[in-house]
Amino acid sequence: KQWYQRRVRGNYYKIIDRFEATVVGQYMGHTHQDHFALQFSEESDHHPTSFQFISPSVTTYSNLRPSIRVYTLDGNYKKSTYRPLKTETYLLDLNRANEKNETVWEMEYDSVSAYNLTWLTPETMYQLYHRFKDDRAFFYKTYFQYKFHLQPDRPCEDSCYNNNLCEMITGRSGDPSICQNLSLKEQEMYFEKNKMC
């Protein structure tokens, strides 16, 4: 099974690599968490070619609030790029829904205000990754909190921090060459411990 998954993923990455000028966004789900993963060219320059928006889930899971994400794209006009410009993530107020039978979606954050990003491209997401890498407090205050929907009591020690950084640049999961400071075994143990599905 694992060899098959690696082969399918490998072919998928080659398609994204080949059509990097055409594929302007990848919209994923399934992990129940809010995060992103960059993909890089297989060419010698190893530049960022694409990234995956991995959206939180509308279903509850592991004490995570139901969430939805709205994307604003460079829209419907002649010669539009259709690139994502902004994301907005909303959380359902479960207490209010249960107590008052009211469905209220509250904005958790938007990418422009939270990260100061006005254009979501592989390059700007790679710059954001470097900002997280260079500023651990910014990482914790924004990305880590959004990923787990503002659970401030959840700690993030060195292993957590390094693995989250690794996760951001491993659109090509299972590749031990990507996170040089972590062994593949360490990565797999962290992802297995923290996986949602």
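Residues numbered from 1 in each chain as written. Predicted model: local features only at pLDDT ≥ 70, side-chain atom pairs only at ≥ 80, totals over all residues. Heavy atoms only, no water.

What is the right way to read the sheet that holds strand β5 (residues 84-92) from this model?
Strand pairing within a sheet occurs via backbone hydrogen bonds; the two strands may be parallel or antiparallel. Ordered by their spatial adjacency, 3 strands build an open sheet running β4-β5-β6, and the pairing between neighbours is antiparallel. Each end of this open sheet is capped by a strand with a single partner; those strands are β4 (67-73) and β6 (105-110). Each adjacent strand pair in this sheet contributes to an overall mean axis angle of 30°, direction not counted. Judged from the 5 bridges that link them, β5 and β6 form a sheet pairing that is antiparallel. When the bridges of β6 are listed, Leu91 appears paired with Glu106. (Pairing = 2+ DSSP bridges. Helix = DSSP H or I, 4+ residues; strand = E, 2+ residues; numbered from the N terminus. Axes fitted to C-alpha atoms, helices over the stretch in contact; angles between N-to-C directions.)

In this structure, what is going on with the pattern of salt bridges? I would like to understand it.
A side chain with one charge can pair with a side chain of the opposite charge if their charged atoms come near. Scanning the model with the defined rule gives 6 salt bridges in all. Between Asp34 and Arg69 there is a salt bridge, and its shortest N-O distance comes to 2.5 Å. Residue Asp34 is located in the loop between β1 (26-28) and β2 (35-40), and its partner Arg69 is located in strand β4; the two are separated by 35 residues in the primary sequence. Here Asp34 matches Arg69 in class, with each residue buried. For Glu106, the salt bridge is made with Arg65, and the minimal N-O distance between the two is 2.9 Å. Here Arg65 lies in the loop between β3 (48-54) and β4 and Glu106 lies in strand β6, a separation of 41 residues in the sequence. Using a relative accessible area of 26% as the deciding quantity, one classes Arg65 as partly exposed. (Salt bridge = Lys/Arg side-chain N within 4 Å of Asp/Glu carboxyl O. Buried < 20%, exposed > 50% of the residue type's maximum accessible area, 1.4 Å probe, protein only.)

Teacher, can you tell me more about the packing of helix α4 (residues 122-134) against helix α6 (residues 158-168) here?
How two helices sit against one another is set out by the angle between their axes and by the gap between those axes. Contact pair α4 / α6: the axes reach a minimum separation of 10 Å and the direction vectors enclose 170°. With respect to α6, the element α4 is oriented roughly antiparallel. Of α6, the residues touching α4 (which contributes Tyr129, Phe132 and Lys133) are Tyr161, Leu165 and Met168. Class assignment of the residues belonging to the contact of α4 with α6 gives a composition of 5 nonpolar, no polar and 1 charged. (Parallel < 35°, antiparallel > 145°, perpendicular 65-115°, else oblique. Contact = heavy atoms within 4.5 Å. Nonpolar A, V, L, I, M, F, W, Y, C, P; charged D, E, K, R; others polar.)

Can you help me understand the state of the cysteines in this one?
Note on terminology: disulfide describes a covalent bond linking the sulfur atoms of two cysteines. Taken as a whole, this structure holds 1 disulfide when the rule is applied. The disulfide that involves Cys156 links it to Cys160, with 2.2 Å between the sulfurs. Residues Cys156 and Cys160 share a disulfide whose torsion about the S-S bond is about -95°; that sign makes it left-handed. The pair formed by Cys156 and Cys160 is uniform in burial state, with each residue classed as buried. (Disulfide = S-S within 2.5 Å.)

Quick question: what am I supposed to make of the nonpolar core here?
Inside soluble globular proteins, nonpolar side chains tend to come together where they are buried. Counting residues in hydrophobic clusters, the biggest one holds 29 residues, and the most contacted among them are Tyr115 and Phe132. Once residues within four sequence positions are removed from consideration, Tyr115 is found in contact with Tyr109, Leu128, Arg131, Phe132, Phe138, Thr142, Tyr143 and Tyr146. (Core = buried A, V, L, I, M, F, W, Y, C linked by side-chain atoms within 4.5 Å.)

Explanation requested: the side chain of Asp110 in the structure shown.
Position of Asp110 among the secondary structure elements: in strand β6. For the buried residue Asp110, which engages in no salt bridge, the nearest side chain bearing the opposite charge is Lys86, 4.5 Å off. A polar side-chain atom of Asp110 sits 3.0 Å from the main-chain amide nitrogen of Val112. The residues contacting Asp110, other than those within four sequence positions of it, are Lys86, Thr87 and Glu88. (Lys, Arg positive; Asp, Glu negative; His and termini not counted. Polar contact = N/O pair within 3.5 Å; in protein donor to acceptor, adjacent residues only side chain to side chain.)

So what exactly am I meant to see when it comes to a nonpolar patch on the surface here?
Together, Val58, Ile68 and Trp105 make up a nonpolar patch on the protein surface, roughly 240 Å² of accessible area in all. Relative to the helices and strands, Trp105 resides in strand β6. For Trp105, a relative accessible area of 31% gives the class partly exposed. (Patch = residues over 30% accessible without salt bridge, like charges linked within 9 Å, V, L, I, M, F, W, Y side chains within 5 Å. Areas by Shrake-Rupley, 256 points an atom, 1.4 Å probe, with all protein chains shown as cover.)

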